[in-house]
Amino acid sequence: MRAVLSIAFALALLVTALRAGATETGPGGGAIDPCLHTCQMEAEQVYHACTEHGGSSADCLNTAKQALSACRDAHCTAPGGGGPGDGGGGTTSSGDGSCREQCGKTVYAGFQGCVAAGSSEDICRAQAREAFTQCLADNHCATPPSCADRCAALAGKVNDGCLALGNSADQCTAAAQAVDTRCTADLCTDGATSCEDRCTTFGNDVFAGCLSEAGATSDVCTGRADEARAQCLALVCNATPEPTCPDRCASLGSEAKTKCLAESHPEDVCTALADDLANHCKDEHCTDPTPTCEDTCKAQAITGFQTCMTTTADEATCRTQAEAAFTQCMTDTCGGPDADCPTRCATMGDSLKDACTAAGGDPDLCAARAAEAVRHCIDEHCDGTEPPPPTCAGLCEQHAEEDARRCVASGGDEATCKSGAADEFAGCVTLHCEPPASCTDRCAAKASALQARCLKKGGSADRCATLAPAVESACGANHCAPPPPDTCTTNCESQARDAAQSCLDAGTDARECQSLGQQTLDQCQAGCGTSTAETCMEVCESKAHAKHERLMARGRSEAVATRKAQDTFRRCVQFGGCSN
């Protein structure tokens, strides 16, 4: 029976991984689309057939995802599509595919069309709200199922998967009941315990159950418990269930590899590029803030529980000891306030920068990458705190990364390409981020003169003071150093922000709009691939660098070469049809 339960739990995690492209979910999921449910079951059968023929879990999971995507694209319509074989030829959008989400996207498109036709945003927004309500009614969008219903659905999928493996009906019913009971007991409480704590309990239960299996090691069980807790947090504790951040980055790398192979690049090159893209995504997006004191105590308690279970196997005693250790840790070490979230993100950034330089990375490039990670950390974890805009060096770092991938895809040696990217980064910073002091001084003087004229003509001190920074900034951008070139990555981030804001303007729920923004970003970045073509501004950047190098080779000063290269970049952008 323990072996059956292990398989059942693996199936549950498979379903979780597949839900990035499917509609039906376990606990924390949304409405159930029959077509996608059928495709999901077909994908699970593909997974089992693959493993039975000797395939590894990772390879078979990837094969199952491809089968799911192909089935969805061939048969499912949105919202409320039919199943495979019903003749439906439409496709459903990515994301959780819930009925409410599809209505939100439809209404958002209508809102944009309304504004484009010349109507005021207020009128279009009112029409959008009415259309959204009507769409929910027309498509019978149900309210999200209860926690108990979600656990029952998860148990049902475990039962189906168990039967597909050839186990008896009695064995599979028992396995499903065990999953349902544990899920309900751990996750469906009266709310007195936080969702995070319930997920911790769920992970501990998975660890304890794993240890009871024949041949299970502590490392294997720890990995399984960590995965269970992470998926629980992503699916149960998010109002809009989404895949975990590492899952999203892995999916981004996988989709980029598929595109790379379709462009006829060698498989080893595509694999290296996809791994680099996924790792870069994890570095920037999946680095959580430095843990709070409570987080540290909780992690110590979890480790203590696992160690105790490994040595004594007395679950009740180990759980009691872990709870006591957590309480004692909180009392002894968590008396003072923790640093605020942005400060903890900054501390995380310092650690990332140190690790990057220790691995041999260029210090300035490592600092730029860390700054981007801090910005994403604040945006994703620090509620109510506006993230800082991307730094000039951060934009140059993104440009250098994409340049390195293009170099590798064209057959260049990886080490040589990364070295060239470091040079590209340094050149970008020189042209765009380090304006000469003489120019900035002139802009500052111009701003001060404008402020003085404003005061002389009777303007208020506050109003005149606000004019100076804007004038100085515009002067610097136009005359001292043009902004860095856009990249596929920066364009995707801009599209994601626009999509989320337009969704909000259409009156759709804020969390659904946040999810739509993330989906837009993921889709766009997947479209960039591993070796996206140069943007218009990046072509101009290459011309500016070439100009700089020619002038330096002729013995011109660094200041003159930089200024003329900047002029080359500006003229190229202006007359080449590029948009800033």
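Residues numbered from 1 in each chain as written. Predicted model: local features only at pLDDT ≥ 70, side-chain atom pairs only at ≥ 80, totals over all residues. Heavy atoms only, no water.

Comments concerning the overall build of the protein chain
Stage number 1. Each helix and strand counted, the protein chain has 23 helices and 0 strands in total.
Stage number 2. In the protein chain, buried positions account for 43% of the 580 residues.
Stage number 3. Counting only contacts in the protein chain whose residues sit at least 6 apart along the sequence, the fraction spanning at least 24 positions is 70%.
Stage number 4. In the structure as shown, the protein chain presents an accessible area of about 27,700 Å², 53% of it carried by carbon and sulfur atoms. (Helix = DSSP H or I, 4+ residues; strand = E, 2+ residues; numbered from the N terminus. Buried < 20%, exposed > 50% of the residue type's maximum accessible area, 1.4 Å probe, protein only. Contact = heavy atoms within 4.5 Å. Areas by Shrake-Rupley, 256 points an atom, 1.4 Å probe, with all protein chains shown as cover.)

Some thoughts on the confidence of the model for the protein chain
Stage number 1. Looking at the protein chain, pLDDT values average 74 and 74% of them are 70 or higher.
Stage number 2. Per-element confidence in the protein chain ranges from a low mean pLDDT of 35 for helix α1 (residues 2-18) to a high of 88 for helix α14 (residues 341-358).
Stage number 3. Predicted confidence is poor over residues 1-34, with pLDDT under 50, and the contacts of this stretch with residues over four places away or in other chains come to 93 contacts.
Stage number 4. Here residues 77-97 scores under 50 on pLDDT; set against residues more than four positions off or in separate chains, the count is 57 contacts. (pLDDT = per-residue confidence, 0-100.)

Focus: the state of the cysteines
Stage number 1. Under the definition given, this model contains 14 disulfides.
Stage number 2. C260 shares a disulfide with C270; S-S distance 2.1 Å. Between C260 and C270 the sulfur-sulfur dihedral comes to about -80 degrees; the bridge is accordingly left-handed. Separated by 10 residues along the polypeptide, C260 in helix α10 (residues 245-262) and C270 in helix α11 (residues 267-285) bring together distant segments of the chain. This pair shows no difference in class: C260 is buried, exactly as C270 is.
Stage number 3. Residue pairing for C392: its cysteine sulfur links by disulfide to C433, the two sulfurs lying 1.9 Å apart. Handedness of the C392-C433 disulfide follows from its S-S torsion of about -85 degrees: it is left-handed. In this pair, C392 is assigned in helix α16 (residues 392-409) and C433 in the loop between α17 (414-432) and α18 (437-456), connecting sequence segments 41 residues apart. (Disulfide = S-S within 2.5 Å.)

Things to note about a negative patch on the surface
Stage number 1. A grouping of D362, D364, D423, E434 and E549 is seen on the molecular surface, where their side chains present a negatively charged patch.
Stage number 2. Structurally, E434 can be placed in the loop between α17 and α18. (Patch = residues over 30% accessible without salt bridge, like charges linked within 9 Å, V, L, I, M, F, W, Y side chains within 5 Å. Salt bridge = Lys/Arg side-chain N within 4 Å of Asp/Glu carboxyl O. Lys, Arg positive; Asp, Glu negative; His and termini not counted. Charge placed at Lys NZ, Arg CZ, Asp CG, Glu CD.)

Notes on the environment of E263
Stage number 1. Tracing the backbone through its elements, the reader meets E263 in the loop between α10 and α11.
Stage number 2. Counting along the chain gives 146 residues from E263 to A409, while the straight-line C-alpha distance between them is 9.9 Å.

Here's the deal with α11
Stage number 1. Here α11 spans 26 Å end to end across 19 residues, near enough to the 27 Å set by a 1.5 Å rise per residue.
Stage number 2. Those residues of α11 not exposed but buried are V269, C270, L273, A274, D276, L277, A278, H280, C281, E284 and H285. (Expected span 1.5 Å × (residues − 1).)

Here's the deal with a positive patch on the surface
Stage number 1. Together, R442, R550, R554, R556, R563, K564 and R571 give the surface a local cluster of positive charge.
Stage number 2. Here R554 shows up in the loop between α22 (536-553) and α23 (558-575).

Describing the pattern of salt bridges
Stage number 1. If you walk through the whole model with that rule in mind, you get 13 salt bridges.
Stage number 2. A salt bridge links R405 to D276; its shortest N-O distance comes to 3.1 Å. On the criterion of sequence distance, the pair formed by R405 in helix α16 and D276 in helix α11 is long-range, its members being 129 residues apart. With respect to burial, R405 and D276 carry one shared label: buried.
Stage number 3. With a closest N to O distance of 3.5 Å, E401 and R405 form a salt bridge. Placement of the pair is E401 and R405 together in helix α16, with a separation of 4 residues, close to one helical turn.
Stage number 4. On the accessibility criterion, E401 (10% relative accessible area) is buried.
Stage number 5. The network of salt bridges with shared partners includes D276, R369, E397, E401, R405 and K418.

Regarding α22
Since the α-helix packs 3.6 residues into each turn, any two residues three or four apart lie on the same face.
Stage number 1. Under the 1.5 Å per step criterion, the end-to-end length of α22 is 26 Å for 18 residues, consistent within 8% with the ideal 26 Å.
Stage number 2. Its buried side turned inward, α22 meets α16, α17 and α23.
Stage number 3. G555 occupies a position one or two residues after α22 and carries a positive phi of about 90 degrees.

Some remarks on unusual backbone geometry
Stage number 1. Even without being a glycine, S264 presents a positive backbone phi close to 70 degrees.
Stage number 2. You can see S264 is positioned in the loop between α10 and α11.
Stage number 3. Assessed through its relative accessible area of 67%, S264 is described here as exposed.

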